[in-house]
Every structure is written in structure tokens, then in C-alpha cells.
Amino acid sequence: MIEKNGDSIPHVLSVAGSDSGAGAGIQADLKACAARGVYCSTVITAVTAQNTLGVQGVHDVPEDFVAQQLKSVLSDMQVDVVKTGVLPSIRVVKVLLQSLAEFPVRAALVVDPVMVSTSGDVLAGSSILSSFREELFPMADIVTPNIKEASALLGGIHLETVADMCNAAKLLHALGPRKVLKVERLRVILQVIGEAWDVFQNVLVKGGDLPDSLDAVDIFFNGERFYELRLSRIKTRNTHGTGCTLASCIAAELAKGSPMLTSVKVAKRYVETALEYSKEILIGNGSQRPFDHSLRLKSGFHRKEVFNPSDLFLYAVTDSGMNKKWGRSMVDAVGAAIQGGATIVQLREKDAETQDFLETAKACLAVCRSYGVPLLINDRIDVALASDADGVHVGQSDMPASAARTLLGPEKIIGVSCKTIEQAQQAWISGADYIGSGGVYSTNTKANNPTIGLDGLKTVCLASKLPVVAIGGINASNAGSVMKMEVPNLKGVAVVSALFDRENVLTETKKLHDLLMEHHHRKSNEIHARQLSGK
Ligand SMILES: Cc1ncc(COP(=O)(O)OP(=O)(O)O)c(N)n1
Ligand SMILES: Cc1nc(C(=O)O)sc1CCOP(=O)(O)O
Ligand SMILES: [Mg+2]
């Protein structure tokens, strides 16, 4: 990419209308670009009052002010791709073309010829058609009409079959004479130097509205070849904004430097993934519902957003060998531990195949979510990501916590094992949420694990700015000694064998939970009494 003022981040400028419901328009473009890892600036051409029921009002932005927005962005930032949505008047089209002549963009112009909203409301009148055909399309690198828009642009011809769509794509492609003339010369030059022909005009006719089709069929035509792009049709009403999103994704991929056909395929796949993910989410009461560009809203409904240190109170760490020995499944063991009072669960699967680990994680996550208890994954960031677990626990020889934080993002929980003051300080710097410190006592569960004792635990706790959970050889007979220690950031105990190497997980967890509660109450009463006596 060419550098301008040091900008090297892929950048799409969306010139489109605002949708107050945020399913389509500028808002969809921003979300799509963010999801695809591309910066998006915006020039707003019209403001709609809109929700899932339809468009209640439209207010066009005066073209002088559209021009001012264009100048502000294009004179300062290095834009790679301009993507257009609602262009409400011929004057706005002219203003856009003038701006692009003054400040040419680096890679491409993507034109989504929006005329009618999903709800059937007209967003750009028929007077705009000739301006699109004669002025805008010849400058575009790709135009992405749906069937209705393609029909309107071609004088109302009927489009009912894939063959009709191919014909429409060809006719629309023919509307770019100036560009074709211009690029014919370029084509010869590029052929001579052996470059690809990606600079030529392309048409994508979107067949989402095609009757009686089980697939979502789009026709891509690059002037030379037709490509029938099929993906299975997703049964959902949450499709408001798919057109804007698709065009923005194409723009985003082009901005990253991908070829045109690849960009279209990636964009189509992304939209399919987002629709599949969002098919059951409910936003609004109407039938034109938005979808989730970030693929995160579903789990967000059930998950606590921020780590709560009191979740470390009774930390159950699983062991599949122990559960097998006692003839129960991991899901049953986790369910029983939670019913007995476990406040957080870690899946520690040292020998599992990746696929089995992932399936177990997903099944245990469903159980944990149903009780509102966080589930962490031991060591395996990939399994945590793929299962959407609440976080990970890593040791000193596992992936560093800072790298885990980069991969998992700010909202997941990250715990780190620390035996020393230096490790505790580093865990805090790395962005961890808590420390696991041990072995407090000797253990048979983890081979060759050095014991740090209660003194070592106290040293780590005093040095740590993070909450601490004690681990290693802890059971109902010694947990009291651990929790009696006078260190405020010691929040609980993590236990494997005392819960899972037992016949009845629920009973054993409850026993330990009751004991910890007794200590907790005793400590609270002592603190209260001290406050009353003023000591
Ligand atoms: C809560 C908690 N604390 C410490 C550990 C140990 O982690 P690590 O040192 O990475 O050893 P393995 O568990 O991976 O063998 C833990 N798992 N949980
Ligand atoms: C997994 C683990 N980590 C430890 C550490 O010291 O970091 S001790 C340990 C095993 C804890 O199992 P049990 O409760 O059966 O002793
Ligand atoms: Mg580990």
C-alpha cells in the first residue's frame, strides 16, 4: 500500500445514509468494517428515522454539507476504497464524483445502488437511475444491485431465474463504457507486464429475492466470465442490512489488497456466518430485524461481563481420569460440583484429543452457563476461543498471559500460576485477572510440583495486586488453615482430588463449601467486631 501521511491501515470510506435502528446503512458499514479489521470513515448523505417495522422518516443532508464531509475525510486521510449506499439525489452523485476527481482513492469504488429499503420504503427516487447509469457506474469497480435494483436500473425487466440474472449482469456491465474504454488501454499494458486484470468493472447481481431458490445465489460477472456464487439460504428474519454489509465487506477486503473475486467470496461467506450466528437473536418487534456483525451478542446475554474475584471462592479443577475411575461423565461431574457450591470451574484435560476437548468444553459450558458459573479452560487458548468459554488458566511454561490476552480480548478471564513475587508482578503487568498460587501442600495430582507452603502462598499474596486462589493438596481438613491467613487478596481455594477423586462429587463439594462459608462468616464477624471497637 502507498503511504500518505503515514496511514497504512486499510481504510474504507462509507458514503451512505444513517439507519437509527443500526441494522443497515452507515451503522452496518461501520460494524462490517470493524468485524473485518478495517478502519471505516463515514460521510452521511441522509438521516432516516427507522426501526424493524420500516422507515418512519427521511431527512436528506444538503449536498453542500455532503461535500464538506467528503473534503474533511479525503483531504486528511488515506482512503483505500469508497463504498456508496444511499445517494439521495443527482446533485449528491455529482458532489461525490467531483470529490473523487479531486482526491482519487487508492484502490476501488464499490457502488451499492440502494434505492428501496428492505421494508419497501423508497430511499432514492427513480430520477436517480440515469445518474447512476451514466455517471456513477462508469467510475465504479463493482456495482452490487439486488434483483429489484437491477430490474429498476434496466427499465423494469423481469428477473426470475439465474439466467435472467446473468443477462442483467451483462447489461449492467455494459453501462460502464467510459471505464471500459479507459481500462481497455490498461488491459493491454497489464497483459504486457503480466499483472492480473482486477481493475476492471465488475457486477454482482444478488439473488436473495429470487423466488423458489433453496440457495442464496449471486451472479458475479467481470466482463469475461460469469460466476454463480451459491451458499445455502439461512432461514431467519434477521436479515436487515445484509446488502450494505456485503458491499462493505467487499470494500474491506479490497482495502486489504485482496483481488475482486476473492473479496466477493469472502464477503459472502462472512455474511452467511453472521446470519447463521444471529438467526435466533431478537431485536425489535418488526419483521426487518438486524443481525449481529460481531458474532458476540448471543453469549453476551448470559455471561457476566467483568471478572468477579469472589468467583474464586471454591474453584473446581476437573480431572477426566478421576471421573472415569468413578464412572461418571465430565458434564455430570461439573454439574454436581456446581450444585455442591463450586463458584468457578476449570476444565483441565491433559491428554484429550483436541476435538474431544472442544466437545467436552461446549457441553460443560452449557451446564455452567445455566448456573451462571464461569468456565475456564486449562492451557488451551484455541479450545477456549472455539468453545467461547469464559477464559483460560495458564502456567509459567504455557502461552504467556499477555499473548493470551491479545488473542482472547479484554472481556475473557485469564488466570496465571505464580510461585514467586516476580511471577506475581509479571502476571499483573501481562493483563491477568487472578493468580493461582501453590502447591500449598504436596499433591499427587500434578507430578513434580514444588510445594511453597502457607508461607510461600502468603509471600505471593502480599506481593500481588491481583486476587489469589490457593491450590495444591487442599481438602476439607486443611482448607481452614489456608483461609485463616490474614491476607485480604486471598479469595479462595482451587481443588481437584478432594472433589473429583471421590465417589460423590456433590457431597464433597458441599462439605468444602460449608467449611469455607464458616470461615468466611467468622472472618467477617471478626472484622465487624474490630470496626465496632475502633481497633
Ligand atoms: C487455579 C489454578 N492454579 C494453578 C494451576 C496450575 O497451572 P499450570 O502451572 O499451568 O499447571 P497445569 O495445571 O497446566 O498442569 C491451575 N491449573 N489452576
Ligand atoms: C493443577 C495444580 N497446580 C498446582 C500448582 O501448584 O500450581 S497444584 C495442582 C494440582 C492440584 O490438585 P489437588 O487439589 O488434587 O492437589
Ligand atoms: Mg498449564
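For clarity, every value in this text was computed on a predicted model and none was experimentally measured.

**Student:** Just to check I follow, could you spell out the coordination of the magnesium ion (ligand 3) for this structure?
**Tutor:** Think of it this way: four donors in a tetrahedron around the metal ideally sit 109.5 degrees apart, and six in an octahedron ideally sit 90 or 180 degrees apart. Distances from the magnesium ion (ligand 3) to its protein donors, namely Asp 379 (OD) and Asp 398 (OD), fall within the range 2.0 Å. Of this pair, Asp 379 sits in the loop between β12 (375-378) and α14 (381-387) while Asp 398 is found in the loop between β13 (391-394) and α15 (401-408), placing the two residues 19 residues apart along the sequence.

**Student:** What is the right way to look at a nonpolar patch on the surface in this model?
**Tutor:** Taken together, the side chains of Leu 385, Met 399 and Leu 407 define a hydrophobic patch exposed on the protein surface, amounting to about 250 Å² of accessible area. As for its position among the elements, Met 399 is in the loop between β13 and α15. Under the relative-accessibility criterion, Met 399 is labelled partly exposed at 31%.

**Student:** Teacher, can you tell me more about the site of ligand 1 here?
**Tutor:** Near ligand 1 there are 16 residues, and of these Gln 346, Arg 348, Lys 350, Asp 398 and Ser 417 occur at the shortest range. Within the side chain of Gln 346, one N or O atom sits 2.9 Å away from a nitrogen atom of ligand 1. Contact between ligand 1 and Asp 398: an oxygen atom at 2.8 Å from a side-chain N or O atom of the residue. Alone, ligand 1 offers 420 Å² of accessible surface; in the complex the protein occludes 89% of this. Given that more than half its atoms are within 2 Å of the pocket grid, ligand 1 belongs to the second largest pocket. Elements that contribute at least two residues to the shell around ligand 1 include exactly β13 and β16 (468-471).

**Student:** Sorry, what's going on with the packing of helix α12 (residues 330-340) against helix α13 (residues 354-371) here?
**Tutor:** Geometry of a packed helix pair, given as the angle between the helix axes and the separation of the axes. At a minimum axis distance of 9 Å, the contact between α12 and α13 shows a crossing angle of 20 degrees. As far as their axial angle goes, α13 and α12 are roughly parallel. When the axes of α12 and α13 are compared, the crossing they make is right-handed. The segment α12 lies against α13, with Met 330, Val 331, Val 334, Gly 335, Ile 338 and Gln 339 engaging Thr 360, Ala 363, Cys 364, Val 367, Cys 368 and Tyr 371. For the contact of α12 with α13, the residue count by class is nine nonpolar, three polar and no charged.

**Student:** Help me out: how do you make sense of the layout of surface pockets in this one?
**Tutor:** It is a probe the size of a water molecule, rolled over the atoms, that shows where empty space is left. Estimated volume of the second largest pocket: approximately 720 Å³. Contributing to the lining of the second largest pocket are 37 residues, with Arg 348, Ser 417, Lys 446, Asn 449 and Ile 471 lying nearest its centre. Of the residues that constitute the lining of the second largest pocket, the class distribution is 11 nonpolar, 19 polar and seven charged.

**Student:** Would you mind going over the nonpolar core with me for this structure?
**Tutor:** Side chains of a nonpolar character, in soluble globular proteins, are inclined to be buried together. Among the nonpolar cores identified, the biggest contains 71 residues, and Tyr 315, Ile 377, Val 392, Leu 457, Val 482 and Leu 490 are the most heavily contacted of them. Apart from the residues lying within four places of it in its own chain, the contact partners of Leu 490 are Leu 457, Cys 461, Val 468, Val 469, Ala 470, Val 482, Met 483 and Met 485. Membership of the second largest hydrophobic core comes to 45 residues, among which are Leu 87, Leu 97, Leu 154 and Leu 210.

**Student:** How do you make sense of the sheet that holds strand β17 (residues 490-495) when you look at a structure like this?
**Tutor:** Two pairing modes exist for strands in a sheet, parallel and antiparallel, and in both the strands are linked by backbone hydrogen bonds. Reading around the barrel, the eight strands line up as β10-β11-β12-β13-β14-β15-β16-β17 and close back on themselves, with parallel pairing between neighbours. Direction aside, the axes of adjacent strands within the sheet are offset by 25 degrees on average. Pairing between strand β11 (residues 344-347) and β12: three bridges, direction parallel. The residue bridging Val 345 from the neighbouring strand is Leu 375, located in β12. Running over the sheet, α15 touches β13 and β14 (413-417) and is turned about 165 degrees from β14.

**Student:** Just checking my understanding: could you explain the environment of Ser 126 for this structure?
**Tutor:** Its place among the elements puts Ser 126 in the loop between β5 (108-111) and α4 (128-136). Separated by 26 residues in the primary sequence, Ser 126 and Ala 152 place their C-alpha atoms 8.1 Å from one another.

**Student:** Hey, could you run me through the packing of aromatic side chains in this one?
**Tutor:** The way to describe two aromatic rings as a pair is by their centre distance and the angle between their planes. Within this structure, the stated rule accounts for five aromatic pairs. Note on Phe 307 and Tyr 434: the rings are 5.9 Å apart at their centroids and 35 degrees apart in plane angle, and the pair reads as tilted. Of this pair, Phe 307 sits in the loop between α10 (297-300) and β10 (314-317) while Tyr 434 sits in strand β15 (residues 434-437); the two residues are 127 residues apart in sequence, bridging distant segments of the chain. Judged by its relative accessible area of 13%, Phe 307 falls in the buried class. Here the aromatic rings of Tyr 315 and Tyr 434 are separated by 5.9 Å at their centres, their planes lie at 65 degrees, and the arrangement is edge-to-face. Of the two residues, Tyr 315 is situated in strand β10 and Tyr 434 in strand β15; the sequence distance between them amounts to 119 residues. Side by side, Tyr 315 and Tyr 434 carry an identical accessibility label, which is buried. Ring pairs connect the aromatic residues Phe 307, Tyr 315 and Tyr 434, which therefore count as one cluster. The ring of Trp 428 has Lys 465 sitting right over it, with the charged end atom 4.0 Å from the ring centre.

**Student:** Is there a simple way to think about α15 in this case?
**Tutor:** Spacing of three or four residues puts side chains on the same side of an α-helix, whose turn is 3.6 residues. Buried within α15 are the following residues: Ala 401, Ala 404, Arg 405 and Leu 408. The buried side chains of α15 occupy one side of the element, clustering within an arc of 100 degrees when seen end-on. Elements in contact with the buried residues of α15: α14, β13 and β14. Backbone geometry just after α15 places Gly 409 at a positive phi near 85 degrees.

**Student:** How should I be thinking about the pairing of strand β4 (residues 81-84) in this particular structure?
**Tutor:** Strand residues, when the strand is regular, have side chains that alternate between the two faces of the sheet. Residues Val 81 and Lys 83 line one face of β4 and the alternating positions Val 82 and Thr 84 line the opposite face, and both faces are buried. Pairing analysis gives four bridges linking β4 to β5, with the strands arranged parallel. Note on β5: the bridge partner recorded for Val 81 is Ala 108. With respect to chirality, the unit in which β4 leads through helix α3 (residues 90-102) into the neighbouring parallel β5 is right-handed.

**Student:** I tried to follow the sheet that holds strand β7 (residues 202-206) on my own but got confused; where do I start?
**Tutor:** In space, the nine strands of this open sheet follow the order β3-β2-β1-β4-β5-β6-β7-β8-β9, with mixed pairing throughout. Of all strands in the sheet, those with a lone pairing partner are β3 (54-60) and β9 (226-232), marking the two edges. The sheet contacts of helix α6 (residues 162-173) involve β7, β8 (215-221) and β9, and relative to β8 the element is tilted by about 30 degrees.

Calculation notes
- Residues numbered from 1 in each chain as written.
- Chains lettered and ligands numbered in written order.
- Predicted model: local features only at pLDDT ≥ 70, side-chain atom pairs only at ≥ 80, totals over all residues.
- Heavy atoms only, no water.
- Donors = N, O, S within 2.8 Å, 3.2 Å for Na, K, Ca; no water.
- Helix = DSSP H or I, 4+ residues; strand = E, 2+ residues; numbered from the N terminus.
- Patch = residues over 30% accessible without salt bridge, like charges linked within 9 Å, V, L, I, M, F, W, Y side chains within 5 Å.
- Areas by Shrake-Rupley, 256 points an atom, 1.4 Å probe, with all protein chains shown as cover.
- Salt bridge = Lys/Arg side-chain N within 4 Å of Asp/Glu carboxyl O.
- Buried < 20%, exposed > 50% of the residue type's maximum accessible area, 1.4 Å probe, protein only.
- Near = heavy atom within 4 Å.
- Polar contact = N/O pair within 3.5 Å; in protein donor to acceptor, adjacent residues only side chain to side chain.
- 1 Å grid on protein atoms, 1.4 Å probe; cavity = no way out; pocket = protein on both sides within 12 Å on 5 of 7 lines; lining within 4 Å.
- Sits in = over half its atoms within 2 Å of the grid points.
- Axes fitted to C-alpha atoms, helices over the stretch in contact; angles between N-to-C directions.
- Parallel < 35°, antiparallel > 145°, perpendicular 65-115°, else oblique.
- Left-handed = near helix turned anticlockwise from the far one by under 90°.
- Contact = heavy atoms within 4.5 Å.
- Nonpolar A, V, L, I, M, F, W, Y, C, P; charged D, E, K, R; others polar.
- Points joined across faces, edges and corners; volume = space filled by probe spheres on them.
- Core = buried A, V, L, I, M, F, W, Y, C linked by side-chain atoms within 4.5 Å.
- Pairing = 2+ DSSP bridges.
- Phe/Tyr/Trp six-rings, centres within 6.5 Å; stacked < 30°, edge-to-face > 60°.
- Lys NZ or Arg CZ within 6 Å of the ring centre and 35° of its normal.
- Arc of directions from axis to C-beta.
- Right-handed = clockwise from strand over helix to strand, strands pointing away.

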